[in-house]
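One letter stands for each residue in the lines below.
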Amino acid sequence: MHTLRPGQDGYTEEVAGFQTSVATRPAVVVAAETAEDVVAAVEYAAEHGLTVSVQATGHGLTAGTDGLLISTRRMTGVEIDPDAKTARVGAGVRWGAVIEAAAKHGLAPLSGSSPDVGVVGYTLSGGFGLMARRFGRAADHVRAIDVVTPDGELRTVTPGSELFWALLGGRAGFGIVTALEFGLVPVAELYGGGLYFDAADLPAVLRAWRTWAMTAPDELTTSIAVVPLPDLPFLPEPIRGKHVANVRIAYLGEDGDSAVAPLRAAAPVLLDTLKRLPYTDSGSIASDPPHPHPYHGTNATVEVLNDGMLTSIVEHAGPGAPVATVLIIDRLGGELARRPAAGVGWDSAAEFVVRALSVVEDGVDPIRRAHAKLFDALAPWSTGRLLPFLYGEHPAGDLATAFPAGDVARLKQLKAKYDPAGRFG
Ligand SMILES: Cc1cc2nc3c(=O)[nH]c(=O)nc-3n(C[C@H](O)[C@H](O)[C@H](O)COP(=O)(O)OP(=O)(O)OC[C@H]3O[C@@H](n4cnc5c(N)ncnc54)[C@H](O)[C@@H]3O)c2cc1C
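With an unreviewed UniProt entry as reference, the protein chain is termed FAD-binding oxidoreductase, source organism Amycolatopsis mongoliensis. UniProt annotates the protein chain under Cofactor (unreviewed entry) with the comment "FAD". Its UniProt record gives the protein chain a comment under Sequence similarities (unreviewed entry), which states: "Belongs to the oxygen-dependent FAD-linked oxidoreductase family."

In structure tokens:
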């Protein structure tokens, strides 16, 4: 078991993650390579009364830890079974590695906007992917989870068991996953990319997108992002330095151009990147930033998106908003509404999720206040929150609001059973 302590060479690099706004200074880091290393780390933490947390990529850091941190970044095994259409991956694998391996067999995983995100953290958060309206959440396709529970036992849990349910939402609070096995789908390519509009046309574009997205087929998963883009050379000239409304589309049907025609007519299009592309290029649809940075964000699922809500969104997160905000609205529904969640529930009645994300420059408080104004305005129609899109430090109570009350009560009961000392999470 390879350990690192503050001050030792390699400690800072091992602790560093994608999210840099959360201060993490564990007393000891275990650089795990195998499931046995994870067992040894959990036993060590129990002997020394240390809290236990885990990090793969640091995309989803929500709180710092002063106890023992298990770093899984070396657990990078990926096995594809083309006949069973499944993948088995180690705890440190990022989506990009699975996408590449599965594509060799004409298959794809239910990955999300960024290929750099970790498979395990994403899936244990539910996993809302580029094909979510057609195939549902990533969590719903999990076949088996290898996990070291707080008692130090390495177990394999499968659908139907209480621990399987609790891990899919309760995440590291119930143990450290060492490997995950899940189903793949037969998708090699899709029609995808983005349409960029000037945010000056935001009210018209938002209304057009809402109407279009409400009647979209399940084969089409889409979001709209309102983004203040920097004036930097890597961005194409038509959108560089502009505040834009970016409609993102992943469509599994045949005639993509006909499907998006109403949107192209919504307002003048600054840039159109829609085309057929291999699933291996699916990271280009949202083009999430690849570099670590500090960010804070929250979200709300909503049952409708009426005109008053759209006006609030423009006011609180459009051009001229007091804090620069990336505002994303995702269309839910489709298979997400039909399939009962395999893990801790998502509100399947919600039609959209509204997310706000800001880069942390002068502390988190101004961001919290600005986001609160937006989500207070949406509160009458809000049904809950989605766990993966709570970014940065959030009070524990915030996590509870991500789940329906019945699920929170069941999670508490199971937490007392599997982690009675409350050291994991
Ligand atoms: C740029 C970006 C794009 C994103 N896109 C999407 C998207 O399209 N769809 C979506 O659903 N989400 C998305 N997310 C959210 C993402 O799924 C969550 O932040 C997720 O928690 C990240 O997991 P990670 O392992 O990469 O991060 P980490 O910070 O390493 O882990 C986050 C948490 O996951 C849990 N975890 C990780 N590994 C283990 C393990 N081995 N055992 C037990 N628990 C573990 C822990 O609770 C840990 O604190 C995105 C996030 C970012 C920053």
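### Examining the side chain of Thr149
Examined against the element boundaries, Thr149 turns out to sit in the loop between strand 7 (142-148) and strand 8 (154-157). Polar side-chain contacts of Thr149 include one of 2.8 Å to the side chain of Arg155. In contact with Thr149, other than residues within four places in its own chain, are Val42, Arg155, Leu163, Phe174 and Gly175.

### Thoughts on the UniProt feature "domain: FAD-binding PCMH-type" (unreviewed entry) in the protein chain
Under the UniProt annotation, the feature "domain: FAD-binding PCMH-type" (unreviewed entry) is placed at residues 22-187. Within the segment residues 22-187, helix and strand shares are 25% and 24% respectively, and the terminal C-alpha atoms sit 37 Å apart.

### A short note on helix 2 (residues 35-48)
Over its 14 residues, helix 2 runs 20 Å from end to end, which matches the ideal 20 Å to within 8%, given 1.5 Å per residue. For helix 2, the complete set of buried residues consists of Ala35, Asp37, Val38, Val39, Ala41, Val42 and Ala45. Residues of helix 2 that are buried in the fold lie against strand 2 (28-31), strand 3 (52-55), strand 4 (68-71), strand 7, strand 8 and strand 9 (176-183). After helix 2 finishes, the residue Gly49 shows a positive phi value of roughly 65°.

### Points about the pairing of strand 4
Residue alternation in strand 4 divides its side chains into two sets, Leu68 and Ile70 and Leu69 and Ser71, and both sets are buried. Relative to strand 4, strand 2 runs parallel, the two being bridged by four bridges. Paired with Val30 across the bridge in strand 4 is Ile70. Inspection of the sheet shows strand 3 paired to strand 4 by four bridges, in the parallel sense. Residue Gln55 lies in a different strand from strand 4, and its bridge partner there is Ser71.

### Points about the domain arrangement of the protein chain
By the assigned domains, the protein chain splits into domain 1 (2-71), domain 2 (78-186) and domain 3 (189-400). Of note, the centres of domain 2 and domain 3, computed from C-alpha atoms alone, are 24 Å apart. At the junction of the two partners, domain 2 supplies 32 residues and domain 3 supplies 33 residues. Across the interface of domain 2 and domain 3, roughly 2,900 Å² is buried in total on both sides, 62% from carbon and sulfur atoms. Counting the surface domain 2 buries against domain 3, the share from its top three residues, Phe128, Arg133 and Arg137, is 35%. Inspection of the region where domain 2 meets domain 3 yields zero salt bridges. There are 14 residue pairs in polar contact (both at pLDDT 80 or more) connecting domain 2 and domain 3. Within the residue set of the side of domain 2 that touches domain 3, elements represented by two or more residues are helix 3 (95-103), helix 5 (132-135) and helix 6 (162-170). Element by element, the count of residues in the side of domain 2 that touches domain 3 is highest for helix 6, at five residues. Across the side of domain 2 that touches domain 3, the residue classes tally to 14 nonpolar, eleven polar and seven charged.

### As for empty space enclosed by the protein
Scanning the entire structure with this criterion turns up three cavities of 30 Å³ or more. Roughly 60 Å³ of internal volume is contained in the largest cavity. Contributing to the lining of the largest cavity are 13 residues, with Gly126, Ala139, Leu168, Val344 and Trp346 lying nearest its centre. Among the residues forming the lining of the largest cavity, the class breakdown is seven nonpolar, four polar and two charged. Shared between two domains, the lining of the largest cavity takes at least three residues from each, and those domains are domain 2 (78-186) and domain 3 (189-400).

Cut-offs and rules
- Residues numbered from 1 in each chain as written.
- Predicted model: local features only at pLDDT ≥ 70, side-chain atom pairs only at ≥ 80, totals over all residues.
- Heavy atoms only, no water.
- UniProt positions renumbered as here; feature names shortened; annotations may be inferred.
- Helix = DSSP H or I, 4+ residues; strand = E, 2+ residues; numbered from the N terminus.
- Polar contact = N/O pair within 3.5 Å; in protein donor to acceptor, adjacent residues only side chain to side chain.
- Contact = heavy atoms within 4.5 Å.
- Expected span 1.5 Å × (residues − 1).
- Buried < 20%, exposed > 50% of the residue type's maximum accessible area, 1.4 Å probe, protein only.
- Pairing = 2+ DSSP bridges.
- Domains from an automatic or database assignment.
- Buried area = accessible area lost by both parts, 1.4 Å probe.
- Salt bridge = Lys/Arg side-chain N within 4 Å of Asp/Glu carboxyl O.
- Nonpolar A, V, L, I, M, F, W, Y, C, P; charged D, E, K, R; others polar.
- 1 Å grid on protein atoms, 1.4 Å probe; cavity = no way out; pocket = protein on both sides within 12 Å on 5 of 7 lines; lining within 4 Å.
- Points joined across faces, edges and corners; volume = space filled by probe spheres on them.

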